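Architecture at a glance
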Amino acid sequence: MAHSQQAKAVLLRELHEKGVLVLPNAWDAGSAALIAQGGARAIATTSGGVAWSAGKPDQQALTRDEMAALVRRIADTVEVPVTADIEGGYGPAPEDVAATVTAVVEAGAVGVNLEDSRPDGTLFTAEEQAARIRAARRAAEEAGLPELVVNLRTDVFLFQIGAPEGRQADVLARAAVYAEAGADSLFVPGLLDLAVIAELVKGQPLPVNVMAGPGAPTVAEFEAAGVRRVSVGTAVAQAAYTLARRAAAELVDRGTYDELAGALDFGALNGSFSR
């Protein structure tokens, strides 16, 4: 384990301790380099964008090795810490999660996102997920990176699990179990209500991560509610791929180039990368 990787893991931990860590998610080495140049203090991958970059759909359509290889390209390209979206761990069992954590640590990642949902949209019980978190922690220790940051994603709000009035209590109960098992932060996508977010921040011990996008509260508003990390999931990748399709349609249908206006010039973009 290179000292620099350990130092990056410690830095990623420190970035959750005060203020708010803003993560415009990357999907390949090029996007990671440009996002870092845009001021991001760390790079988080988005599983959807990573899969799309390989011509596959989201939700573990890539193999573990394919995903880890793409994470390696990102980690090799940027100097800032990289946290990898490992979805549900590429398998339901604790040993599946352990194998995935080992693979992404070897690829250079210093953090992971781990979901408590299955591909069919159901959730693991809190106890099942706790076993998976403990497996992730053991794997990181065995790989020489006990400082690995485990950002535990709970999909209670995203998948609208249970009655609306019971979701907050469900997340709070899960967070307590997840923290005890070794999670370092709590990711609650699908929740944008600042009052509920503030209650979650106060009601459990983990730093809270939310997923934002158009129409969401501002980063400053999230920070005022106590949020420590704001990411945007596939949103940046969606915007980039949408531009590619719009530009292609304009060029093919009308023979014009308006969608291409405002892009970085060749020299500026080419100069963003090193050999």
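Per chain, residue numbering runs from 1 following the sequence as it is written. Local features in this predicted model are restricted to residues whose pLDDT is 70 or higher, and side-chain atom pairs enter the listing and the counts only when it is 80 or higher, whereas totals over whole chains, interfaces and linings include all residues. In computing side-chain properties, one takes all heavy atoms of the structure into account and sets aside hydrogens as well as water.

1. Section: the overall build of the protein
Where we set the bar: Only DSSP runs of H or I reaching four residues or more are called helices, and only runs of E reaching two or more are called strands; each is numbered from the N terminus. To get the radius of gyration, use the C-alpha atoms; to get the globule rule, take the number of residues to the power 0.38 and multiply by 2.2 Å. Think of it in three bands: residues with accessible area under 20% of the maximum for their type are buried, residues over 50% are exposed, and the middle band is partly exposed, with areas taken using a 1.4 Å probe on protein chains only. Note on contacts: a residue pair is in contact if any heavy atoms of the two residues lie within 4.5 Å. A positive count includes Lys and Arg, and a negative count includes Asp and Glu. His and the chain ends are not counted in either. Taken as the charge location is NZ of Lys, CZ of Arg, CG of Asp or CD of Glu.
Helices and strands together make up the secondary structure of the protein, namely 11 helices and eight strands. Expected size for 275 residues packed as a compact globule is a radius of gyration near 19 Å; at 19 Å, the protein falls within 12% of this value. The principal-axis extents of the C-alpha atoms in the protein amount to approximately 55 × 45 × 35 Å. Counting the 275 residues in the protein, one finds 45% classified as buried. Across the protein, the fraction of contacts at a sequence separation of at least 24, relative to all contacts at a separation of at least 6, is 67%. Charge separation in the protein, taken as the distance between the mean sites of 23 positive and 35 negative side-chain charges, equals 2 Å.

2. Considering the nonpolar core
Heads up, the condition is: The definition of a nonpolar core used throughout is a set of buried Ala, Val, Leu, Ile, Met, Phe, Trp, Tyr and Cys residues joined through side-chain atoms within 4.5 Å.
In terms of nonpolar packing, the biggest core is built from 62 residues, with Ile86, Val101, Leu148 and Phe222 touching the most fellow members. Apart from the residues lying within four places of it in its own chain, the contact partners of phenylalanine 222 are Leu192, Leu194, Ile197, Val210, Ala212, Ala216, Pro217, Val227 and Val230. Formed by nine residues, the second largest nonpolar core is a distinct cluster that contains Ala26, Ala32, Ile35 and Val78.

3. A few points about the environment of threonine 77
Tracing the chain through its elements places threonine 77 in helix α4 (residues 64-77). Residue class for threonine 77 comes out partly exposed when judged on its relative accessible area of 36%. Note: C-alpha distance between threonine 77 and glycine 182 (105 residues apart in sequence) is 29 Å. With residues up to four places along the chain from it excluded, the contact list for threonine 77 reads Ala29 and Ala33.

4. Looking at the sheet that holds strand β1 (residues 21-23)
Heads up, the rule is: Between any two strands, pairing holds if DSSP finds at least two bridges.
Read across the open sheet, the eight strands follow the order β1-β8-β7-β6-β5-β4-β3-β2; overall the sheet is parallel. Unpaired on one side and paired on the other, β1 and β2 (43-44) mark the two borders of the sheet. Where strand β7 (residues 208-211) meets strand β8 (residues 229-231), three bridges bridge the pair, whose relative direction is parallel. Note on β8: the bridge partner recorded for valine 210 is valine 230.

5. So, the packing of helix α2 (residues 29-37) against α4
Operational definition: Lines fitted to C-alpha atoms define the axes, with helix axes restricted to the stretch in contact, and inter-axis angles between N-to-C directions lie between 0 and 180 degrees. Here a crossing is taken to be left-handed if its near helix is turned anticlockwise relative to the far helix by less than a right angle, and right-handed if that turn runs clockwise.
Between α2 and α4, the shortest axis-to-axis distance is 8 Å and the interhelical angle comes to 35°. Crossing geometry of α2 relative to α4 is assigned as right-handed. In contact with Ala29, Ala32 and Ala33 of α2, α4 contributes Arg73, Ile74 and Thr77.

6. Notes on the layout of surface pockets
Spelled out, the test is: In this analysis the probe radius is 1.4 Å and the grid spacing 1 Å, with only protein atoms considered; a cavity is a set of points the probe fits into but cannot get out of, a pocket is an open set with protein on both sides within 12 Å along at least five of seven lines, and lining residues have an atom within 4 Å of a point. Grid points are joined across faces, edges and corners, and a volume is the space filled by probe spheres set on the points. Any residue outside Ala, Val, Leu, Ile, Met, Phe, Trp, Tyr, Cys, Pro, Asp, Glu, Lys and Arg is labelled polar, Gly included; the first ten of those are nonpolar and the last four are charged.
Each pocket or cavity is described by its volume, and for the largest pocket that value is around 450 Å³. For the largest pocket, the lining is made up of 31 residues, of which Ser47, Asp58, Glu87, Glu115 and Arg153 are closest to its centre. Secondary structure elements with two or more residues in the lining of the largest pocket: α3 (47-53), β4 (111-115), β7 and β8. Of the residues that constitute the lining of the largest pocket, the class distribution is eight nonpolar, 15 polar and eight charged. Taken as a whole, the second largest pocket encloses approximately 360 Å³ of empty space. A total of five residues in the lining of the second largest pocket trace back to one element, the largest contributor, which is helix α10 (residues 235-254). Looking at the lining of the second largest pocket, its residues break down into 12 nonpolar, one polar and one charged.

7. Observations regarding a nonpolar patch on the surface
Condition: By definition, no residue in a patch forms a salt bridge, and every one has over 30% relative accessible area; like charges are joined within 9 Å, nonpolar side chains (Val, Leu, Ile, Met, Phe, Trp, Tyr) within 5 Å. Here the open area of atoms and residues is found with the Shrake-Rupley method and a 1.4 Å probe, where only the protein chains shown may cover a residue. By definition here, a salt bridge exists when the distance from a side-chain nitrogen of Lys or Arg to a carboxyl oxygen of Asp or Glu is within 4 Å.
A cluster of nonpolar side chains, namely Leu34, Leu264, Leu269 and Phe273, defines an oily patch on the protein surface of about 340 Å² accessible area. One can find phenylalanine 273 in the segment after α11 (266-270). Residue phenylalanine 273 is classed as partly exposed on the basis of its relative accessible area of 39%.

8. Points about the pairing of β4
Filter applied, for reference: Think of it like this: strands point away, you trace from the first strand over the helix to the second, and a clockwise trace means the crossover is right-handed.
For β4, a buried count of five out of five residues is recorded, marking the element as mostly surrounded by other parts of the structure. In β4, alternate side chains face the same way, and those of Gly111, Asn113 and Glu115 on one face and Val112 and Leu114 on the other are all buried. You can see the chain leave strand β3 (residues 82-85), run along helix α5 (residues 94-106) and come back into β4, and the turn it takes is right-handed. Where β4 and strand β5 (residues 149-153) come together, five bridges link them in parallel fashion. Looking at the pairing, leucine 114 lines up with leucine 152 of β5. With helix α6 (residues 126-142) bridging β4 and the parallel β5, this β-α-β connection has right-handed handedness.

In short, geometric facts, not functional conclusions.
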